[in-house]
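Structural description and commentary
Spelled out, the chains give:
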Amino acid sequence: MSKNPIPQGKYKPAVRYGNLIFTAGMTPRKDGVLLMSGKISPDRPLDDYRDAVIQAASNTLGEGEKIVQILSLTVYLNATEDYTTHAKVGDIVSGWLYEQLGDAGIGARAAIGLATLPGNAPVEVQLVAAAE
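Let me sum up the structure you'll find in this document. (Residues numbered from 1 in each chain as written. Predicted model: local features only at pLDDT ≥ 70, side-chain atom pairs only at ≥ 80, totals over all residues. Heavy atoms only, no water.)

Here's the deal with the nonpolar core
When a protein is soluble and globular, its nonpolar side chains tend to lie buried together. Counting 28 residues, the largest nonpolar core has Ile70, Leu73, Val89, Val93 and Leu97 as the members making the most contacts within it. Those elements that provide at least two residues to this core are α1 (47–58), β5 (67–78), α2 (86–101) and β7 (123–131). No other element matches α2, which puts 6 residues into this core. With near-sequence residues (within four places) excluded, Leu73 lies in contact with Val93, Ser94, Leu97, Ala108, Arg109, Ala110, Val125, Gln126 and Leu127. (Core = buried A, V, L, I, M, F, W, Y, C linked by side-chain atoms within 4.5 Å. Buried < 20%, exposed > 50% of the residue type's maximum accessible area, 1.4 Å probe, protein only. Helix = DSSP H or I, 4+ residues; strand = E, 2+ residues; numbered from the N terminus. Contact = heavy atoms within 4.5 Å.)

Re α1
An ideal rise of 1.5 Å per residue puts 16 Å on 12 residues; α1 measures up with 17 Å between its terminal C-alpha atoms. Residues of α1 that are buried make contact with β3 (29–30), α2 and β7. (Expected span 1.5 Å × (residues − 1).)

As for the environment of Gly95
Along the chain, the position of Gly95 falls in helix α2. Classification of Gly95 as partly exposed rests on a relative accessible area of 31%. The sequence separation of Gly95 and Ile54 amounts to 41 residues, and the corresponding C-alpha distance is 9.5 Å.

Details of the pattern of salt bridges
According to the stated counting rule, one finds 4 salt bridges in the structure shown. Between Arg50 and Asp47 there is a salt bridge, with its nearest N and O atoms 2.9 Å apart. With Arg50 and Asp47 both in helix α1 and 3 residues apart, this pair spans about one turn of that helix. Taking relative accessible area as the criterion, Asp47 reaches 52% and is therefore assigned exposed. A salt bridge links Arg109 to Asp91; the shortest N-O distance between them is 3.0 Å. Of the two residues, Arg109 sits in strand β6 (residues 108–114) while Asp91 sits in helix α2, which places them 18 residues apart along the sequence. Judged by its relative accessible area of 43%, Asp91 falls in the partly exposed class. (Salt bridge = Lys/Arg side-chain N within 4 Å of Asp/Glu carboxyl O.)

That is the geometry; function is a separate question.
So, in structure tokens, the structure goes:
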């Protein structure tokens, strides 16, 4: 699990309401620096994006929370027009969450292609989780 990310604007990285945690969309930033930029393209191997995708996912899990279930996961892709395997990028996130949380890391999921993302990030991850 990562330390809390540095907001890039006037928002909170996550908000807790009762036992629910709603995260902002997290890009692959580490210490406020975007690790990768550009579109996800079928011309590059999926592994080229793996570290960036995992960094974005890790930014959703703040320190000090005991997650009991991921309820909803949305993976946004800054994808080229001809990219069609969005679910494979989602699988990277789901696989990482499963490694971190076991069965509690798997919830409902959507993987959505967009024309752009903030800072030209290749991916943005947002989730809703239940916590103790």
